[in-house]
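# Observations on the three-dimensional arrangement
Chain residues, written in single-letter form:
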Amino acid sequence: MLVGKHYDYLVVGGGLYGSVFAHKAAHSGKKILLIDKRQTLGGNTYCEKIEDIIVHKYGPHIFHTSNKEIWNFVTSIVQFNRFTLQPLANYKGRLYNLPFNMNTFYALWNVKTPQEAMEMINQQKVKGSDCPENLEEQAISLVGNDIYKILIKGYTEKQWGRNCKKLPPFIISRLPIRFTYDNNYFNDLYQGIPIGGYNELISRLLTGIETHCNTDFFDNRQYFEDIADKIVFTGRIDEYYNYKFGKLEYRTMRWDTEIFDIPNYQGVAVVNFTDAKVPYTRIIEHKHFEFGTQSKTVISHEYPQEWQDKCEPMYPINDDKNNSLYNKYKALSNKQDNVIFGGRLAEYKYYDMDKVIESALSAPVR
Ligand code: UDP
């Protein structure tokens, strides 16, 4: 199909990393071919329109950053709305605000001042966990036992399919803890969702770039390696090296999406279900990401699952076992001058979107 053509870069994967890199390299005058094995571009940011509502097909994506350069970059490509994530947690039928803040502490303990809240938490902290070694110790040392039991343990063990004592502390460090009445899930300076959805962002990034969907690098590896001087690889690093040291583990998600003939189902974009007995982790009501006023609504129940071949790898499991396996692949990749490994799968990293973009923009174009 591409007989006789030669490219400066072959970009394997049309997610955020691949799309941003391709955009930047094309602007530096490079000839790019981007391929993706999926039918669609944008990786897990891909959205599907259902009942005129933009549905985040691979889970809620809220862009947030404190990096002005990255914010300037994305907003130069597409306009963003003013969406601010303010999720709720539902535990045994009662609602709590997230992230953990004065509204949460009031609902839990009826405390009204930061001093009272801090006292409650201090009473519940376990002594001797100043240097937490796992997620459970980290959580209890930050917010105490009640919050750990009600809002963290069940959710986290469903999300990761592993005991909190076996998970790395950094996962929970993503969540702010505030002694103010502020329900904004993120501390970042800038936040929003592209108007028109992420597909708009991706299609603008890739304007003028040759892209082929339904095209798997591994189906025709030799051919693709010969077609370009350099490769940007955003797939799974273990697959790239033919699993020679073994397979990395991931969590994946399944979404059950339904349409309801009512304008508003839960009044908020995201409700987390933190009780281990509820099989799903979240209900997402997509129209609220864009302040939708459609007469119908679309909701998705999110079910985390262990990754197996043929499903989409979504969250790298950065525990010791997997990290040390990844490091072996990383050592190989360091020796390879003509391939850039970037993004969540190739760097086996729990990356936020702004960090992925930052990394793609700082990759060398030669
Ligand atoms: N988390 C939790 N309870 C919640 C929400 C999150 O314990 O209601 C923990 C959980 O371990 C999760 C981590 O915080 O994996 C990070 O949550 P975040 O919302 O950042 O996850 P993402 O949106 O990336 O899946």
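Residues numbered from 1 in each chain as written. Predicted model: local features only at pLDDT ≥ 70, side-chain atom pairs only at ≥ 80, totals over all residues. Heavy atoms only, no water.

A tally of helices and strands in the protein yields ten helices and 16 strands. By the compact-globule yardstick of 21 Å for 366 residues, the protein fits well, its C-alpha radius of gyration being 22 Å. Its C-alpha atoms give the protein principal-axis dimensions of about 70 × 50 × 35 Å. A buried classification covers 55% of the 366 residues belonging to the protein. (Helix = DSSP H or I, 4+ residues; strand = E, 2+ residues; numbered from the N terminus. Rg over C-alpha atoms; globule rule 2.2 N^0.38 Å. Buried < 20%, exposed > 50% of the residue type's maximum accessible area, 1.4 Å probe, protein only.)

Before going further, it helps to spend a moment on the site of the ligand. Around the ligand, the structure places 17 residues, and the nearest of them are Leu151, Thr156, Tyr185, Tyr315 and Tyr350. Between the ligand and Asn272, the relevant distance is 2.9 Å, taken from an oxygen atom to a side-chain nitrogen or oxygen of the residue. One nitrogen or oxygen atom from the side chain of Tyr350 is found 2.6 Å from an oxygen atom belonging to the ligand. Here the ligand has 530 Å² of accessible area as a free molecule, and 93% of this is covered by the chains. Tallied by class, residues from the shell around the ligand come to eleven nonpolar, four polar and two charged. (Near = heavy atom within 4 Å. Polar contact = N/O pair within 3.5 Å; in protein donor to acceptor, adjacent residues only side chain to side chain. Areas by Shrake-Rupley, 256 points an atom, 1.4 Å probe, with all protein chains shown as cover. Nonpolar A, V, L, I, M, F, W, Y, C, P; charged D, E, K, R; others polar.)

Where helix H3 (residues 102–109) meets helix H5 (residues 135–160), the axes come as close as 12 Å, and the angle between the chain directions of the two elements is 100 degrees. Taken together, the axes of H3 and H5 lie roughly perpendicular to each other. Across from Thr104, Phe105, Leu108 and Trp109 in H3, the residues of H5 making contact are Asp146, Ile147, Ile150 and Leu151. Residue composition of the contact of H3 with H5, grouped by class: six nonpolar, one polar and one charged. (Axes fitted to C-alpha atoms, helices over the stretch in contact; angles between N-to-C directions. Parallel < 35°, antiparallel > 145°, perpendicular 65-115°, else oblique. Contact = heavy atoms within 4.5 Å.)

Let us now look at H3. Three or more residues of H3 are buried, namely Met102, Thr104, Phe105, Leu108 and Trp109. Projected onto a plane normal to the axis of H3, the buried residues spread over an arc of 155 degrees and lie on a single side. Backbone nitrogen of Asn103 and a side-chain oxygen of the N-cap are separated by 2.9 Å at the start of H3; the cap is Asn101. Phi for Asn110, located one or two positions after H3, is positive at around 65 degrees. (Arc of directions from axis to C-beta.)

Below, the discussion takes up the environment of Asn323. Mapping Asn323 onto the fold places it in helix H9 (residues 320–334). Note: C-alpha distance between Asn323 and Tyr350 (27 residues apart in sequence) is 12 Å. Every residue in contact with Asn323, bar those within four places of it in the chain, is listed here: Asn318 and Tyr348.

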